[in-house]
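Results of the structural survey
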Amino acid sequence: MKIASIASSSESIENIKDILEKNGSQDQYVFLQRRDLEIAPERVDLFSTNILILDAEKITKADLRAISTITKDNPNPAVIFATGECDQQQTIDLMRSGVSEIISFPVRSTELLDAIERLRARRYINTSYHARGKILSFLSSKGGSGATFIAANLGYSLANDCQQKVLLIDLHMQFGDAAIYLTETPGKSTLTDIISQTGLDSSVIASSTIRIDGNYYVLQAPDSPEKASGITPQHIDNLLSVAIQDYDYVIMDLPRVVDAISMKVLDRSDKIYLVMQPVIPYIRAASKLLRLFSLLGYELGKISVISNRTNSDNAISKNDVEASIQKPIDWEFHNEFQNCNESSNSGVPIIKLEPNCEFSKTLFDLAKNISGSKAEVSRPKSFFSKLFS
Ligand SMILES: Nc1ncnc2c1ncn2[C@@H]1O[C@H](COP(=O)(O)OP(=O)(O)OP(=O)(O)O)[C@@H](O)[C@H]1O
Ligand SMILES: [Mg+2]
């Protein structure tokens with residue numbers, strides 16, 4: 001690979017040079033310093049450069065513009081940016097400009113070399129496969145909206161009713177519970193098993209997932225927050241790149257708080273389902289998330305709003321909710337405490353347990369809408385229809 005570095009000072013060039021040359025890889029290097037504080041990338045042959053390393057104590061608008069131009073016009077290079085400051089807004093800005101990896105400044109050896117290795121692995125993935133599947137993300141506007149329950153059961157319907165190969169990934173880094181909605185015996189393997197492996201391919205994913213039924217697989221969240229601490233956005237990015245080669249749908253069950261990992265997932269999602277309930281705290285939280293999505297530049301069509309636990313007694317009408325969040329509600333799930341509760345407690349998917357209930361019907365319509373499937377659900381016949389058939 002060809003790796004170029006445009007550093008902010010002569011000390012920084014020496015530091016990066018020292019780190020890369022001591023690493024002893026077969027890579028080819030180019031070392032330059034900024035010109036009058038500017039990156040001035042025209043001095044590098046960007047077309048033949050695979051990785052560009054930039055650094056700056058502080059992030060400036062001029063740097064963001066320069067990086068956008070580099071990443072917009074060239075398939076190469078992937079940009080690593082080292083900076084001394086990076087809050088949430090700055091992470092968004094750097095990602096938006098096309099930076100692939102953000103590391104700390106002054107550059108530290110292991111951080112830089114790890115970032116290079118991740119990019120090396122990802123470039124291999126990018127050039128050697130064609131994506132098969134779609135990424136669907138679910139997040140609740142506020143705790144307990146029903147996002148995990150809907151995501152987990154939707155996966156079941158996509159796999160069973162619509163004959164799709166589905167992987168559900170639970171990204172609740174603190175005490176994920178998606179699997180317990182689907183099985184009584186979730187088993188031990190989790191996301192941590194994948195991240196600890198050096199090479200990632202579909203067999204590694206397959207060996208770390210649990211099989212729910214037929215074509216439906218679940219990758220559980222780490223079983224303790226400490227085990228989740230080493231997981232980075234890049235790990236999840238690589239995991240998605242591999243997973244979409246092998247599955248028709250990768251369903252991401254996201255935590256409510258948007259951090260660097262979930263932002264990476266949201267960016268890569270083909271569709272985001274925001275799950276809320278028609279009550280004030282959920283509506284407020286949904287409005288805030290919709291504003292964040294607009295800040296992140298997502299088109300409205302990428303986002304679907306699901307209103308869960310609706311019933312005829314809801315004090316706030318559908319129209320009022322839509323006016324308040326300024327977006328139409330795309331799907332409504334009825335409040336069905338008994339069926340949902342029974343399914344949650346037993347670990348049996350609701351479509352299997354109560355295929356004829358309103359919740360299951362809406363779920364099936366959503367699965368058909370997503371997959372374009374014409375599948376008709378084979379529901380058990382009622383007592384009366386059995387008598388007359
Ligand atoms: N339409 C519904 N009617 C009645 N109960 C429901 C409905 N949808 C979900 N539930 C119940 O709500 C409970 C909480 O749902 P879930 O775990 O999916 O919430 P969540 O939005 O993922 O929460 P968190 O933010 O904690 O991840 C589940 O046990 C489920 O039984
Ligand atoms: Mg959840």
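Residues numbered from 1 in each chain as written. Chains lettered and ligands numbered in written order. Predicted model: local features only at pLDDT ≥ 70, side-chain atom pairs only at ≥ 80, totals over all residues.

Here we look at the site of ligand 1
What counts, and what does not: Each residue gets a C-beta atom placed from its backbone. Should that atom fall within 6 Å of a molecule or strand, the residue is termed near it. Secondary structure is summarised from DSSP: a helix means a run of H or I of at least four residues, a strand means a run of E of at least two, and numbering begins at the N terminus for each. Residue polarity is assigned by list, with Asp, Glu, Lys and Arg as charged and Ala, Val, Leu, Ile, Met, Phe, Trp, Tyr, Cys and Pro as nonpolar; anything else, Gly included, falls into the polar class.
Taken together, 21 residues lie around ligand 1, and Ser 140, Gly 146, Thr 148, Phe 149 and Cys 340 are the ones closest in. At the level of secondary structure, the elements contributing two or more residues to the shell around ligand 1 comprise helix H5 (147–160), strand E12 (303–310) and helix H13 (337–346). A total of 4 residues in the shell around ligand 1 trace back to one element, the largest contributor, which is H13. Partitioned by chemical class, the residues of the shell around ligand 1 number 7 nonpolar, 11 polar and 3 charged.

What about the sheet that holds strand E3 (residues 51–56)?
Just so we agree on the cut-off: Pairing between two strands requires that DSSP report at least two bridges joining them. Interaxial angle, 0 to 180 degrees, is taken between N-to-C directions of lines fitted to C-alpha atoms, where a helix line uses only the stretch in contact. Contact between two residues is assigned when their C-beta atoms, built from the backbone, lie within 7 Å.
The 5 strands are arranged E2-E1-E3-E4-E5 in an open sheet whose pairing can be described as parallel. Here the strands that pair on one side only, and so sit at the sheet edges, are strand E2 (28–33) and strand E5 (99–104). Neighbour-to-neighbour, the strand axes of this sheet turn through a mean angle of 20 degrees, independent of strand direction. Relative to E5, strand E4 (residues 78–83) runs parallel, the two being bridged by 5 bridges. Looking at the pairing, Val 79 lines up with Val 99 of E5. Packed onto the sheet, helix H1 (residues 10–23) meets strand E1 (2–7), E2 and E3 and runs at close to 155 degrees relative to E1.

Let's talk about the sheet that holds E12
An order of E8-E9-E7-E10-E6-E11-E12-E13 is seen for the 8 strands of this open sheet, with the pairing classed as mixed. Pairing within the sheet leaves two strands with one partner each, and these edge strands are strand E8 (210–213) and strand E13 (331–334). Ignoring which end each strand starts from, the neighbouring axes of this sheet average 25 degrees apart. By the bridge criterion, 5 bridges tie strand E7 (residues 166–170) to strand E10 (residues 249–253) in an arrangement that is parallel. The residue bridging Val 166 from the neighbouring strand is Tyr 249, located in E10. Helix-sheet contacts for helix H9 (residues 233–246) involve strand E6 (134–140), E7 and E10, and the interaxial angle to E10 is about 145 degrees.

Some words on the packing of helix H11 (residues 280–295) against helix H12 (residues 318–325)
The condition that has to hold: The handedness criterion is simple: a crossing whose near helix is rotated anticlockwise from the far helix by less than a right angle is left-handed, and one whose near helix is rotated clockwise is right-handed.
Where H11 meets H12, the closest approach of the two axes is 9 Å, and the angle between their N-to-C directions is 40 degrees. Handedness of the H11/H12 crossing: right-handed. Judged by residue contacts, Ile 283, Ala 286, Ser 287 and Leu 290 of H11 engage Val 321, Ser 324 and Ile 325 from H12.

Purely spatial values, then, with no claim about function.
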